[in-house]
Amino acid sequence: MKLSRLLALLLVFVLLAAGAQASTWYVYTSNGKTLNLRSPVNNAVIGNIPYGTQLEVDDLLSNQTAAYVNWAGKAGFVKWNFLVKDAPPAKGGAKATAKPKAAVTAAPVKLLPTSGDGLVTIQALGAYVQYNSGKDTAKYSAISYDTPVKLKVTADVPKGKSIDYWVIDGVRYDFKSKIPTSFTIDNATDNMIVEAVLKGQASQTVLTEEAIQSIRTGETLIVNTIHAKLAHVKADLKAAGGWITSFNFTDDYTNRATKQWEAGGQVTVRVKASIPKGKTISYWKFDDVKIDFNKNVTEMIVHTLNVNKTYEPVFGKAKTTTTERNEPPAEEPEYYQVDCVDCTFSGGGYTNAHSGQVKAGTKITVTTHFSEVSHWRINGVELKRTIKVLGGKRSGVRVTNTSKTITRTINKDTKIVCYSVIN
């Protein structure tokens, strides 16, 4: 056999062997939820892979029950029975792009036992999970269920060490004042990974900016607040650029705090509760998940958020006696929501805004783009103005306000609608 032909055959065999080492699969869960990515070191959950994500499976490192994959800079195992060869129909989220190269695997960590059986798993790293009520008081590294149960997560802090921050589903959270050492989780209907990171240590689950960009899909991404406000941050993580209630970071954008251009698909914001007078925070809602911190959390920094998320503090009556949190309620000014339809407002840190929250007593100027105004309505009531009648005994006559610009002092939630003249 000629040497050239022999080399050609060898090349074919090499290519066939290389092709056999990797195959393409898609995440498919019957409930449209995420799929757990588990560490090859200790089987801990280190990532939640969205439904429909395309994955390259390393056939050499896979086994009969689990496939070895790379996703978002992390390498690990996923169960074969949640992978399909063909792209599944749209359900429970947009499809993600193929994964980037895996990051270096974190040092092994000894895990506690797990409890429960179900499609939803709450995993803790650097912490332990417990049932919040009942006879079972044992500590677990993970608890699984089908019907949501209330759980408590507590940081495992060795003597002489202190907690630096928490990572929830790959997103880092810093807290103002005192960092919570524990919190309860209720109404979680999808997998969650919660990690307590000690000072001087690195996170095993936080998603890097590079990994976030590599799995960016173009899906609409918005961070919202209810009864709270958010702001972009400068390099020192201080808020700047004005407080707003929502921000769309699907596409590349200008950071309101630094005025610098940033890659979309992620955003870092400071979230601050707008606490009414006489109220205190009972717990926070991250989307529909109820999280009750053991400290009085009124403000937090959310680092490189890469998913849709709504943050909402839920209030209760302020207690006059010392609470078990051992902290007085934060004294915060009252803020009210302003929404403009066919108009914009300026004031309270806003310029030509369609919506936002302003401090009670703020005077705003509202302007419309209509060339002629028929009338205004504020909270459903038509706006009037008083005109003087020459020679009349009355102080003035109330008529419809048709000005293109009006002013308003905000002391409650206000919706302003401008109507144009229809010719």
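In this text, all values refer to a predicted model and were calculated from it rather than measured experimentally.

Enquirer: Looking at this model, I keep getting lost on the packing of aromatic side chains. Mind explaining?
Expert: Aromatic rings in a pair are described by how distant their centres are and how their planes are angled relative to each other. A full pass over the atoms with the stated rule returns 12 aromatic pairs. Plain terms: the ring middles of tryptophan 166 and phenylalanine 183 are 4.9 Å apart, the flat faces sit at 70° to each other, and that makes the pair edge-to-face. With tryptophan 166 in strand β13 (residues 163-168) and phenylalanine 183 in strand β15 (residues 182-186), this pair connects stretches of sequence that are 17 residues apart. Residue classification places phenylalanine 183 among the buried positions, given a relative accessible area of 2%. By way of ring pairs, the aromatic residues Trp166, Phe175, Phe183 and Phe293 are connected into one cluster. Note that lysine 85 overlies the ring of tryptophan 25, its terminal NZ or CZ placed 4.8 Å from the centroid. Between the NZ or CZ atom of lysine 229 and the centre of the ring of tryptophan 243, over which it lies, the distance is 5.0 Å.

Enquirer: Whenever I open this one, the side chain of asparagine 306 confuses me. Can you help?
Expert: With respect to the element layout, asparagine 306 can be found in the loop between β26 (299-305) and β27 (309-317). If we skip the residues at most four places from it in the chain, asparagine 306 touches Val171, Leu207, Ile212, Ile215, Leu221, Phe249 and Gly265.

Enquirer: Would you mind showing me how to read the sheet that holds strand β11 (residues 142-145) here?
Expert: Strand pairing in a sheet is mediated by backbone hydrogen bonds. Such pairs are either parallel or antiparallel. Within the open sheet, the 10 strands sit side by side as β8-β11-β9-β16-β13-β14-β26-β23-β18-β19. Their pairing is mixed. The open sheet is flanked by β8 (114-116) and β19 (239-244), the only strands paired with a single partner. On average, each strand axis in the sheet is tilted by 20° relative to the strand beside it, whichever way the strands run. When strand β14 (residues 171-175) meets β26, the two strands line up antiparallel, connected through four bridges. For tyrosine 173, the partnering residue across the bridge sits in β26 and is valine 302.

Enquirer: Just to check I follow, could you spell out the state of the cysteines for this structure?
Expert: In total, this model carries zero disulfides according to the counting rule given. We note that cysteine 343 lacks a disulfide partner, and the nearest cysteine sulfur, in cysteine 340, lies 3.7 Å from it.

Definitions and cut-offs
- Residues numbered from 1 in each chain as written.
- Predicted model: local features only at pLDDT ≥ 70, side-chain atom pairs only at ≥ 80, totals over all residues.
- Heavy atoms only, no water.
- Phe/Tyr/Trp six-rings, centres within 6.5 Å; stacked < 30°, edge-to-face > 60°.
- Helix = DSSP H or I, 4+ residues; strand = E, 2+ residues; numbered from the N terminus.
- Buried < 20%, exposed > 50% of the residue type's maximum accessible area, 1.4 Å probe, protein only.
- Lys NZ or Arg CZ within 6 Å of the ring centre and 35° of its normal.
- Contact = heavy atoms within 4.5 Å.
- Pairing = 2+ DSSP bridges.
- Axes fitted to C-alpha atoms, helices over the stretch in contact; angles between N-to-C directions.
- Disulfide = S-S within 2.5 Å.

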